[in-house]
Amino acid sequence: MAFTLKLAGALAGSVLMASAALAQGYPERAITMVVPFAAGGPTDTVARLVAEKMSADLGQQVVVENVGGAGGTLGAGNVAAAEPDGYTVLLHHIGMATSATLYRNLAYQPLEAFEYVGLVTEVPMTIVARKDFEPTDMASLITYVKANADTLTMANAGIGAASHLCGMLFMQALEAPIVTVPYKGTGPAMTDLLGGQVDLMCDQTTNTTEQIKGGTVKGYAVTSAARLDIFPDLPTVGEAGLPGLEVAIWHGLYAPKGTPTEVTERLAASLQVALADPGIASAMAELGTAPSSAADATPAALKAKLESEIARWKPVIEAAGVYAD
Ligand code: ASP
């Protein structure tokens, strides 16, 4: 018995020493930052901005890897199953919270499978359509969609994506069941919207700003509480009489469960350095968003956000009765 206890103590000690040693030299090689959506989309854009600055701070490359599919759950599942050594991290968004309810058979538990690094940014969404779509403003869009729902298509990045959530709220508010067209991310969905293959989409400003400003897609409304400086003419969903559509797409950085605390703390410190960079602030401002504060770019703030967002969206999803399985 005494021997077993001694052995267990020695083993625990050596695990602790190994993790401290790992953290001391960390990082010694490139880090993979998984984005659970296709390249060229909004989550990808945020990840690449952050990865570049974190690479400079950590002295090792942070390489973005796009693993799109199943509304973000494929990439998140890969990271949940990855070695918890600090060399694989996940940059995900609000879908981490909604997928907890949308998928009743997820291979991982969003609240259990990860260590938290910190919040990254919160991005408003926009309701957009192909540029030759008939309605000219939000009021005429609402009337048109209600009258023609069964002839329309709406792009999204799969069940669990932010575009899915926003689209679901839009259809619910208008009582307009529209056929959805899923993509591996809204980067490729935007390509089809530009080409006129789909009619409508809800997507982050980080993917729609350039197109709305350039007139290559039509912008109708923003899902923020107040109008955005970059689109002073676009009404908020609240102004348009659809307050239930207000939604902010928050992004967070995670590591697989079991990643040593010293490592997640180093990553959080690096995330804070990256987000404090004036270059990030101006790049994000041009896209209608801003970096999270140093207080929010922490493991505790991300954990609290995920917990509160799972609780917030669970009843909404259950009321809609839409599930992925
Ligand atoms: N904007 C996408 C979403 O709907 C994801 C992406 O491609 O970043 O969740």
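Residues numbered from 1 in each chain as written. Predicted model: local features only at pLDDT ≥ 70, side-chain atom pairs only at ≥ 80, totals over all residues. Heavy atoms only, no water.

Examining the overall build of the chain
Of the regular secondary structure elements, the chain holds eleven helices and ten strands. Taken over C-alpha atoms, the radius of gyration comes to 21 Å for the chain, in line with the 20 Å a tight globule of 325 residues would show. Considered along the principal axes of its C-alpha atoms, the chain spans approximately 75 × 40 × 30 Å. Across the 325 residues in the chain, those meeting the buried criterion constitute 52%. Taking all contacts inside the chain whose residues are at least 6 apart in sequence as the whole, residues at least 24 apart take part in 79%. When the accessible surface of the chain is summed, it comes to about 13,400 Å², and 56% of that surface belongs to carbon and sulfur atoms. Distance between charge centres in the chain, computed from 18 positive and 32 negative side chains, equals 2 Å. (Helix = DSSP H or I, 4+ residues; strand = E, 2+ residues; numbered from the N terminus. Rg over C-alpha atoms; globule rule 2.2 N^0.38 Å. Buried < 20%, exposed > 50% of the residue type's maximum accessible area, 1.4 Å probe, protein only. Contact = heavy atoms within 4.5 Å. Areas by Shrake-Rupley, 256 points an atom, 1.4 Å probe, with all protein chains shown as cover. Lys, Arg positive; Asp, Glu negative; His and termini not counted. Charge placed at Lys NZ, Arg CZ, Asp CG, Glu CD.)

Considering the packing of helix 6 (residues 162–174) against helix 11 (residues 299–320)
The contact between helix 6 and helix 11 brings their axes to 12 Å, and the two run at 55°. Judged by the angle between their axes, helix 6 and helix 11 are oblique. For the element pair helix 6 and helix 11, the recorded crossing hand is left-handed. Where helix 6 abuts helix 11, its residues Leu165, Met168, Leu169 and Gln172 lie against Trp313, Val316, Ile317, Ala319 and Ala320. Residue composition of the contact of helix 6 with helix 11, by class: eight nonpolar, one polar and no charged. (Axes fitted to C-alpha atoms, helices over the stretch in contact; angles between N-to-C directions. Parallel < 35°, antiparallel > 145°, perpendicular 65-115°, else oblique. Left-handed = near helix turned anticlockwise from the far one by under 90°. Nonpolar A, V, L, I, M, F, W, Y, C, P; charged D, E, K, R; others polar.)

Section: the site of the ligand
As a structural note, the neighbourhood of the ligand is formed by Phe37, Pro42, Thr43, His93, Ala157, Ala161, Ala162, Ser163, Gly185, Thr186, Asp203 and Gln204. One of the side-chain N or O atoms of serine 163 is found 2.4 Å from an oxygen atom in the ligand. Those elements that place two or more of their residues in the shell around the ligand are helix 2 (42–58), helix 6 and strand 7 (200–204). In the shell around the ligand, the residues fall into five nonpolar, six polar and one charged. (Near = heavy atom within 4 Å. Polar contact = N/O pair within 3.5 Å; in protein donor to acceptor, adjacent residues only side chain to side chain.)

Overview of the packing of aromatic side chains
Here the structure, examined in full by the defined rule, presents five aromatic pairs. Judged by centre distance (5.3 Å) and plane angle (80°), the ring pair of phenylalanine 133 and tyrosine 144 falls under edge-to-face. With a gap of eleven residues between them, phenylalanine 133 in the loop between strand 4 (114–130) and helix 5 (138–148) and tyrosine 144 in helix 5 connect regions that are remote in the sequence. Taking relative accessible area as the criterion, phenylalanine 133 reaches 1% and is therefore assigned buried. An aromatic cluster of three or more residues is present, and its members are Tyr108, Phe114, Tyr116 and Tyr254. The positively charged end of arginine 29 is found above the aromatic ring belonging to tyrosine 87, 3.9 Å away from the centroid. Of note, arginine 104 hangs over the ring of tyrosine 323, and the distance from its end group to the ring centre comes to 3.7 Å. (Phe/Tyr/Trp six-rings, centres within 6.5 Å; stacked < 30°, edge-to-face > 60°. Lys NZ or Arg CZ within 6 Å of the ring centre and 35° of its normal.)

Looking at the state of the cysteines
For the structure shown, the criterion picks out one disulfide. A sulfur-sulfur separation of 2.0 Å characterises the disulfide bridge that pairs cysteine 166 with cysteine 202. Of the two residues, cysteine 166 is situated in helix 6 and cysteine 202 in strand 7; the sequence distance between them amounts to 36 residues. For cysteine 202, a relative accessible area of 0% corresponds to the buried category. (Disulfide = S-S within 2.5 Å.)

Focus: helix 5
Turning to helix 5, its buried residues are Met138, Leu141, Ile142 and Val145. Seen along its axis, helix 5 keeps its buried residues to an arc of 100°; they face one direction. Within helix 5, the exposed residues directed more than 90 degrees away from the buried face are Ala139, Thr143 and Ala147. Check the buried side of helix 5 and you find it contacts strand 4, helix 6, strand 7 and strand 8 (217–222). (Arc of directions from axis to C-beta.)

A few points about the pattern of salt bridges
Summed over the entire model, instances satisfying the criterion amount to eleven salt bridges. With its nearest N and O atoms 3.3 Å apart, the salt bridge here joins aspartate 57 to arginine 266. Of this pair, aspartate 57 sits in helix 2 while arginine 266 is found in helix 9 (residues 261–276), placing the two residues 209 residues apart along the sequence. Between lysine 303 and glutamate 307 there is a salt bridge, and its shortest N-O distance comes to 3.0 Å. Of this pair, lysine 303 and glutamate 307 both sit in helix 11, four residues apart, which is roughly one turn of that helix. Here the salt bridges share partners, and the residues they tie into one network are Arg130, Asp132 and Asp199. (Salt bridge = Lys/Arg side-chain N within 4 Å of Asp/Glu carboxyl O.)

A look at the pairing of strand 4
Residues in a regular strand project their side chains so that they alternate between the two faces of the sheet. Counting buried positions over the 17 residues of strand 4 gives 15, a clear majority of the element. Of the strand pairs in this sheet, strand 4 and strand 9 (residues 248–256) are connected by nine bridges, and their pairing is antiparallel. Each bridged residue has a counterpart across the sheet, and for proline 124 the counterpart in strand 9 is alanine 248. Pairing analysis gives two bridges linking strand 4 to strand 10 (residues 290–291), with the strands arranged antiparallel. Looking at strand 10, one finds that threonine 121 is bridged to proline 291. Bridging between strand 4 and strand 7 involves five bridges; their strand directions are antiparallel. For valine 128, the partnering residue across the bridge sits in strand 7 and is methionine 201. Sheet topology places strand 4 next to strand 8; five bridges connect them, and they run antiparallel. The residue bridging alanine 129 from the neighbouring strand is lysine 218, located in strand 8. (Pairing = 2+ DSSP bridges.)

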